[in-house]
Each structure stands twice: as structure tokens, then as C-alpha cells.
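So you can see what is in the structure, the chains are spelled out below.
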Amino acid sequence: MQDCGWRGLVSADDGGVEDVTQQMPLSLANKYYFNGKLREYIGDVVRVEYTLGTASLLFDRIGQLVEVGENFLVLKDNLINEDVIMDNLSVKFVTIYK
């Protein structure tokens, strides 16, 4: 079984640094959840289709999948060299380009 904990250093209230270990949310650790499955494709170029507004218009973005959080995705747009953070609640489809 793999270790799914997050580890890192964070700033303490007294100005020092403390070690923090958190349990990774099940939705990220398990590939049977949407975000857990997407984590397998970090580094790949993807097309994300999502809805916006009350009319549920469908839009898309293409970029390199950089990060997958519990409720967001980060795509790197290589044309303008910027990161785009997306709320994954509006994501409908993800196409992975290999």
C-alpha cells in the first residue's frame, strides 16, 4: 500500500518553521475518484471542457496539466506562459493528448 500523506514545512506562528503531515483526501489518493484519476495525467497536455454561467455554455481550455487539487485544476498555457486555475465543479470532460 502506498503512502498518501502530504508532508512539508510551514511557517509557525512564532516565525519559525514546523513540520506538517496531513492525510491526503480520498478524492485525490484514489484513482476511482475524478481528481485521483486526473493526477495520473499530471504533465500531459489536456483539453478541459467546462460550463460557465446560468446558460451552461460550454467552453474549453488546452494546456499542460500541472496540478490537481481537491476542488481545482491547474493548467499551464504554453502560448502565453501562464498558469490557469480552474474550479473543477464546472468541468464536464477532460481529453488527454498522448
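A short tour of the structure in this document, coming up. Everything numeric here is computed off the predicted structure, so don't read it as measured data. Residue positions are counted from 1 within each chain, in the order its sequence is given. Reporting in this predicted model follows two pLDDT cut-offs: at least 70 for local features of residues, and 80 or more for side-chain atom pairs to be given and counted; totals over whole chains, interfaces and linings ignore these cut-offs and use all residues. Side-chain numbers here rest on the full set of heavy atoms in the structure, without hydrogens or water.

Looking at the environment of Leu75
Here is step 1 of the chain: Comment: elements are numbered from the N terminus, with helices defined as DSSP H or I runs of at least four residues and strands as E runs of at least two. Examined against the element boundaries, Leu75 turns out to sit in strand E5 (residues 72-77).
Here is step 2 of the chain: Each residue is placed in one exposure class: buried if its accessible area under a 1.4 Å probe, protein chains only, is under 20% of its type's maximum, exposed if it is over 50%, and partly exposed if it falls in between. What makes Leu75 buried here is its relative accessible area of 3%.
Here is step 3 of the chain: Distance in space between the C-alpha atoms of Leu75 and Asp44 is 9.9 Å, their sequence separation being 31 residues.
Here is step 4 of the chain: Any two residues whose heavy atoms approach within 4.5 Å at even a single point are treated as in contact. If we ignore the near neighbours within four places in the chain, the residues touching Leu75 are Val46, Val48, Arg61, Gly63, Gln64, Leu65, Val66, Glu82, Asp83, Val84 and Met86.

Remarks on unusual backbone geometry
Here is step 1 of the chain: Despite not being glycine, Ser56 shows a phi value in the positive range, around 55°.
Here is step 2 of the chain: Within the secondary structure layout, Ser56 lies in the loop between strand E3 (45-52) and strand E4 (57-68).
Here is step 3 of the chain: Here Ser56 falls in the partly exposed class, since its relative accessible area comes to 47%.

Brief notes about the nonpolar core
Here is step 1 of the chain: Residues Val46, Val48, Leu65, Val68, Leu73, Leu75 and Met86 are the most contacted members of the largest nonpolar core, which totals 14 residues.
Here is step 2 of the chain: Looking at this core, the elements with two or more residues in it are E3, E4, E5 and strand E6 (82-87).
Here is step 3 of the chain: In terms of residue count, the dominant contributor to this core is E3 (3 residues).
Here is step 4 of the chain: Among all residues touching Met86, those that are not within four sequence positions of it are Val48, Tyr50, Asn71, Phe72, Leu73 and Leu75. Take the buried Ala, Val, Leu, Ile, Met, Phe, Trp, Tyr and Cys residues and link them wherever side-chain atoms come within 4.5 Å; each set so joined is a nonpolar core.

Overview of a nonpolar patch on the surface
Here is step 1 of the chain: Each patch is assembled from residues with relative accessible area greater than 30% and no salt bridge, linking like charges that lie within 9 Å and nonpolar side chains (Val, Leu, Ile, Met, Phe, Trp, Tyr) that lie within 5 Å. Where accessible areas are quoted, they stem from the Shrake-Rupley method and a 1.4 Å probe; at the residue level, only the protein chains shown are allowed to cover. Here a salt bridge means any side-chain nitrogen of Lys or Arg lying within 4 Å of a carboxyl oxygen belonging to Asp or Glu. A surface patch of nonpolar side chains, about 260 Å² in accessible area, is lined by Val45, Ile62 and Tyr97.
Here is step 2 of the chain: Along the chain, Tyr97 turns up in strand E7 (residues 91-97).
Here is step 3 of the chain: A relative accessible area of 38% places Tyr97 in the partly exposed class.

With respect to the pairing of E6
Here is step 1 of the chain: When DSSP locates at least two bridges between a pair of strands, those strands are taken to pair. Bridge analysis of E5 against E6 gives 6 bridges, and the strand direction is antiparallel. From the neighbouring strand, Asp77 faces E6, where its bridge partner is Glu82.
Here is step 2 of the chain: Where E5 folds back on E6, the antiparallel hairpin that results is connected by 4 residues, among which Asn81 adopts a positive phi of roughly 55°.

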